[in-house]
Amino acid sequence: MNIGIIGAGQVAQAFAHKAIGAGHTVILSSRRGPDNLAALVEGLGPSATAATPAKVAENPVVLLAVPWPEVDAALRSLPTWHGQILIDATNGFGENGLVDFDDGSSSETVAALAPGAHVVKAMNSLFMANFALEPISDGFRRVVFVAGDDSAAKTEVADLFESFGFASIDLGTLRKGGRMQAVGSTLAGHDFFLPWPAPRSFPAFNGER
Amino acid sequence: MDTQSRTGQQIIQYCYGDPNEVLKVEDATFEQAITAVTAPSKTGNIILKF
């Protein structure tokens, strides 16, 4: 699968390594232009290239991995979305600390800035140092939580992370599941594992949606 | 606890290196169980079983 990545920092690079390791192709972008990513792309190998953010967003699955203060400008600069999946790995953490989304979630803000995209929140509970580690350990799989309002998109993203070797747990909607895994939340910073194979959802929780 | 949200499901948590340290959370929603297993006094990797 071709996966576009908006951003080229720690999260983008950790994701790119995992995706390439699972046999996917990644196309990275940065606001400084593709030429500035030459060294990074070379280091990632032949399954990585660089392009403009607009070109990257044409891919069927796109990872958004930029600092929160850059989210608005990054998404407003893109052409209209036509049903692509946008994996939101951003953290609602601004220059003055945690951003207050009232009763909503940061991913709902992302979704509002990317109409036409199917936004799935993921990767937010994990420290990137842990995400970068081998996801399978002693028969257990490290957990990546996913949340979204489009079931098909959420399933595709869960499948993608499982292709990397992780276990996916569905937390529900962008609002509820997004808030649960966001920076500063109960799940944030903890390293969860599941015996494998495992169910993708907690029945009681999903029954509440 | 809101009895309407009780389900009989459970999450079991223990830390790597000490499988005897097991915490069972039963009759809880996912959020209630997660809150219990991520209590500040609990450290290490968390294994979920449900």
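Look up: the structure comes first, before these words.
Remember, predicted model here, so these are calculated numbers, not experimental data. Residue numbers here run from 1 along each chain, matching the order of that chain's written sequence. As a convention, the first chain written is A and the first ligand written is 1, with the rest following in written order. In keeping with the model being predicted, local features are shown solely for residues with a pLDDT of at least 70 and side-chain atom pairs are shown and tallied solely at 80 or more, while totals for entire chains, interfaces and linings include all residues.

Engineer: Help me understand the overall build of chain B in this model?
Structural biologist: Looking only at helices and strands, chain B features one helix and three strands. Here chain B, with 50 residues, has 22% of them falling under the buried criterion. By the convention adopted here, residues make contact when the C-beta atoms placed from their backbones lie within 7 Å. Taking contacts inside chain B between residues at least 6 apart in sequence as the whole, the part at least 24 apart equals 49%. The helix and strand labels rest on DSSP assignments: H or I over at least four residues marks a helix, E over at least two residues marks a strand, and numbering proceeds from the N terminus. Buried means a residue has 20 or more other C-beta atoms within 10 Å of its own C-beta, exposed means 12 or fewer, and partly exposed covers the counts in between; C-beta atoms are placed from the backbone.

Engineer: Where do I start with the nonpolar core in this structure?
Structural biologist: As a rule of thumb, nonpolar side chains are buried together in soluble globular proteins. In this description, a nonpolar core means buried residues of the types Ala, Val, Leu, Ile, Met, Phe, Trp, Tyr and Cys, linked to one another by C-beta atoms lying within 7 Å. If you look at the biggest cluster of nonpolar residues, it comprises 72 residues, and the most contacted ones within it are A:Ile5, A:Leu63 and A:Ile87. In this structure A:Ile87 touches A:Val61, A:Val62, A:Leu63, A:Leu64, A:Val120, A:Ala122 and A:Val157, once residues within four positions along its chain are discounted.

Engineer: Just checking my understanding: could you explain helix H1 (residues 10-21) of chain A for this structure?
Structural biologist: Residues three or four positions apart in an α-helix share a direction because the helix packs 3.6 residues into each turn. Compared with an ideal rise of 1.5 Å per residue, which puts twelve residues at 16 Å, H1(A) spans 17 Å between its outermost C-alpha atoms and is within 8% of the ideal. When we look at burial in H1(A), the residues that qualify are A:Val11, A:Ala12, A:Gln13, A:Ala14, A:Phe15, A:Ala16, A:Lys18 and A:Ala19. Every helix has an expected span of 1.5 Å times one less than the residues it contains.

Engineer: Teacher, can you tell me more about the pairing of strand E1 (residues 2-6) of chain A here?
Structural biologist: Within a regular beta strand, the side chains point alternately toward one face of the sheet and then the other, so they alternate between its two faces. All names here are of chain A. Of all five residues in E1, four are buried, a share of seventy percent or more. Two strands pair under a simple rule: DSSP has to find at least two bridges between them. Two elements, E1 and strand E2 (residues 25-29), share five bridges in a ladder whose sense is parallel. Across the sheet, isoleucine 6 pairs through a bridge with serine 29, a residue of E2. At this point the chain moves from E1, through H1, to the parallel E2, and the crossover so formed is right-handed. Looking at chain direction, E1 and strand E4 (residues 61-64) are connected through four bridges and run parallel. Opposite isoleucine 6, over in E4, you have leucine 64 as the bridge partner. Looking down the strands as they point away from the viewer, one classifies a crossover as right-handed if the path from the first strand across the helix to the second runs clockwise.

Engineer: In this structure, what is going on with helix H4 (residues 68-76) of chain A? I would like to understand it.
Structural biologist: Residue and element names in this part refer to chain A. Among the residues making up H4, those that are buried are Val71, Ala74 and Leu75. Take H4 and look down its axis: the buried residues cluster within an arc of 85 degrees, on one side only. Turned more than 90 degrees off the buried face of H4, the exposed positions are Pro69, Ala73 and Arg76. Summarising the contacts, the buried residues of H4 are in contact with E1, helix H3 (53-56) and helix H5 (106-113). Arc definition: directions from the helix axis to the C-beta atoms.

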